[in-house]
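# Structure at a glance
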Amino acid sequence: MTMGLLIAALLMGFFGSPHCLGMCGGIVAAFGLSMKDISPAKKRGLIATYHLGRLLSYTLLGLVAGLIGTTILAPLMMGNSTPRILLGLVLVFVGLTMLGLPFLNKLERFGMRFWQALGPLRTKVFPLNTVPKALAAGLLWGFLPCGLVYGALLIAVVGHDPLTGAVLMFAFGLGTIPMLVATHGTVNWIRHHIGRLRLRQLNGAIMVISGLAVVAVPMVMANMHGHMDHGHMDHGQMNHEQMNHEQMNHEQMNHEQMNHEQMNHEQMNHEQMNHEQMNHEH
């Protein structure tokens, strides 16, 4: 797991939370109304508890998503670049979703059916006056249908292992907390600045660029490395051929030198024989 993925999940939760504040804000308001007769100190403890429950719910969903990715996708992607390419494509997909493209609307409608099925359980946590009820409320809250959550879960699926998926979803949940615990005035200020500076769209664009880089950069680097290896091979082959050529010339030189010496030796023997023959006749 890279730090880049953790940061992406955290920023995704923070910059995406104003968009989801409509539905989540209603839940926070309902929780607040159920705690209106509780002391401020206890109320702060219960608020922290149901947010902890929500983070645990996201972490559990991330664990399941990572397990799905490990058991179903991993065997199909052993020994190749598919995991990296899939991660890049998911980042592009989630980035486009943050830019406003409604890719996950149908999945949200499917999730709404499950959320409605949890209705009987949700009614049992009210009034929110005890720690177990607050924790249960937070755990149920994690199943609220949200395209942003589903996008984060897609990243958890391709995060290589269940632990990575769990940590990524926990980081995503942490990113959503500031918007959901802020006061009314602070919420309006954060929403105004995120909207005015188009920070959600900026984060989406960064995710798209990051996804494209995850897919393309290793391919470009591998291609460049292949060209470098090919050039190195040619240079080595040239040196090897040059060495053989020099060796051949050296051997040829020795051979010619040997022939020359042999010729001189034979000439000397021939002259000596003539000299002896002349002495004998004399």
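In what follows, the structure referred to is the one given above.
These notes cover the structure that comes with them. (Residues numbered from 1 in each chain as written. Predicted model: local features only at pLDDT ≥ 70, side-chain atom pairs only at ≥ 80, totals over all residues. Heavy atoms only, no water.)

### With respect to helix 8 (residues 162–181)
Taking 1.5 Å per residue, 20 residues should reach 28 Å; helix 8 reaches 29 Å between its end C-alpha atoms and fits that length. Among the residues of helix 8, the N-terminal cap falls to Asp 161, whose side-chain oxygen and the backbone nitrogen of Leu 163 are separated by 3.1 Å. (Helix = DSSP H or I, 4+ residues; strand = E, 2+ residues; numbered from the N terminus. Expected span 1.5 Å × (residues − 1). Polar contact = N/O pair within 3.5 Å; in protein donor to acceptor, adjacent residues only side chain to side chain.)

### Things to note about the environment of His 160
Within the element layout of this structure, His 160 appears in the loop between helix 7 (147–157) and helix 8. By relative accessible area, which is 46% here, His 160 ends up partly exposed. Every residue in contact with His 160, bar those within four places of it in the chain, is listed here: Thr 70 and Pro 83. (Buried < 20%, exposed > 50% of the residue type's maximum accessible area, 1.4 Å probe, protein only. Contact = heavy atoms within 4.5 Å.)

### Considering the nonpolar core
Membership of the largest hydrophobic core comes to 51 residues, with the highest contact counts inside it found for Met 12, Leu 128, Trp 141, Ile 155, Met 169 and Phe 172. Only helix 1 (3–34), helix 2 (40–73), helix 3 (82–98), helix 6 (131–141), helix 7, helix 8 and helix 9 (184–196) provide two or more residues apiece to this core. Examining the composition of this core, we find that 10 residues originate from one element, helix 1, more than from any other. With sequence-adjacent residues up to four places away left out, Met 12 is seen in contact with Val 94, Met 98, Leu 148, Gly 151, Ala 152, Ile 155, Phe 172, Asn 203 and Met 207. (Core = buried A, V, L, I, M, F, W, Y, C linked by side-chain atoms within 4.5 Å.)

### Notes on the packing of helix 2 against helix 7
The contact between helix 2 and helix 7 brings their axes to 7 Å, and the two run at 45°. With respect to helix 7, the axis of helix 2 lies oblique. Crossing hand, helix 2 versus helix 7: right-handed. In this structure, helix 2 uses Tyr 58, Leu 61, Gly 62, Ala 65, Gly 66, Gly 69 and Leu 73 to contact helix 7, whose residues at the interface are Val 149, Leu 153, Ala 156 and Val 157. Class assignment of the residues belonging to the contact of helix 2 with helix 7 gives a composition of 8 nonpolar, 3 polar and no charged. (Axes fitted to C-alpha atoms, helices over the stretch in contact; angles between N-to-C directions. Parallel < 35°, antiparallel > 145°, perpendicular 65-115°, else oblique. Left-handed = near helix turned anticlockwise from the far one by under 90°. Nonpolar A, V, L, I, M, F, W, Y, C, P; charged D, E, K, R; others polar.)

### Digging into the packing of aromatic side chains
Per the stated rule, a full pass over the model turns up 8 aromatic pairs. Through pairs of rings, three or more aromatic residues link up here, namely Phe 31, Tyr 50, Phe 126 and Trp 141. Over the ring of Trp 115 we find Arg 122, and its NZ or CZ is 4.2 Å from the ring centre. (Phe/Tyr/Trp six-rings, centres within 6.5 Å; stacked < 30°, edge-to-face > 60°. Lys NZ or Arg CZ within 6 Å of the ring centre and 35° of its normal.)

### Examining empty space enclosed by the protein
This model, assessed by the stated rule, comprises 2 cavities of 30 Å³ or more. Each pocket or cavity is described by its volume, and for the largest cavity that value is around 120 Å³. Along its surface, the largest cavity is lined by 14 residues, and Cys 20, Cys 24, Tyr 58, Cys 146 and Thr 176 are the ones closest to its centre. Taken together, the elements giving at least two residues each to the lining of the largest cavity come down to helix 1, helix 2, helix 7 and helix 8. Its residues assigned to classes, the lining of the largest cavity comprises 10 nonpolar, 3 polar and 1 charged. In terms of lining residues, the second largest cavity is bounded by Ala 9, Met 12, Ala 152, Ile 155, Leu 168, Met 169 and Phe 172. (1 Å grid on protein atoms, 1.4 Å probe; cavity = no way out; pocket = protein on both sides within 12 Å on 5 of 7 lines; lining within 4 Å. Points joined across faces, edges and corners; volume = space filled by probe spheres on them.)

### With respect to the layout of surface pockets
Each pocket or cavity is described by its volume, and for the largest pocket that value is around 380 Å³. In terms of lining, the largest pocket is formed by 17 residues, of which the most central are Val 28, Leu 180, Val 181, Ala 182 and Thr 183. Where the lining of the largest pocket is concerned, the elements lending two or more residues are helix 1, helix 2, helix 8 and helix 9. The dominant element in the lining of the largest pocket, judged by the number of residues it contributes, is helix 1, at 6 residues. The residue inventory of the lining of the largest pocket, partitioned by class, reads 12 nonpolar, 4 polar and 1 charged. Size it by volume and the second largest pocket reaches roughly 320 Å³. Along its surface, the second largest pocket is lined by 19 residues, and His 19, Cys 20, Glu 108, Gly 147 and Leu 148 are the ones closest to its centre. The set of elements that each furnish at least two residues to the lining of the second largest pocket consists of helix 1, helix 4 (105–117) and helix 7. Per-element tally for the lining of the second largest pocket: the top contributor is helix 1, with 4 residues. Residues of the lining of the second largest pocket, tallied by class, amount to 12 nonpolar, 5 polar and 2 charged.

### Description of a nonpolar patch on the surface
A surface patch of nonpolar side chains, amounting to about 430 Å² of accessible area, comprises Leu 60, Leu 63, Val 64, Ile 68 and Ile 72. Mapped onto the fold, Val 64 is located in helix 2. (Patch = residues over 30% accessible without salt bridge, like charges linked within 9 Å, V, L, I, M, F, W, Y side chains within 5 Å. Areas by Shrake-Rupley, 256 points an atom, 1.4 Å probe, with all protein chains shown as cover. Salt bridge = Lys/Arg side-chain N within 4 Å of Asp/Glu carboxyl O.)

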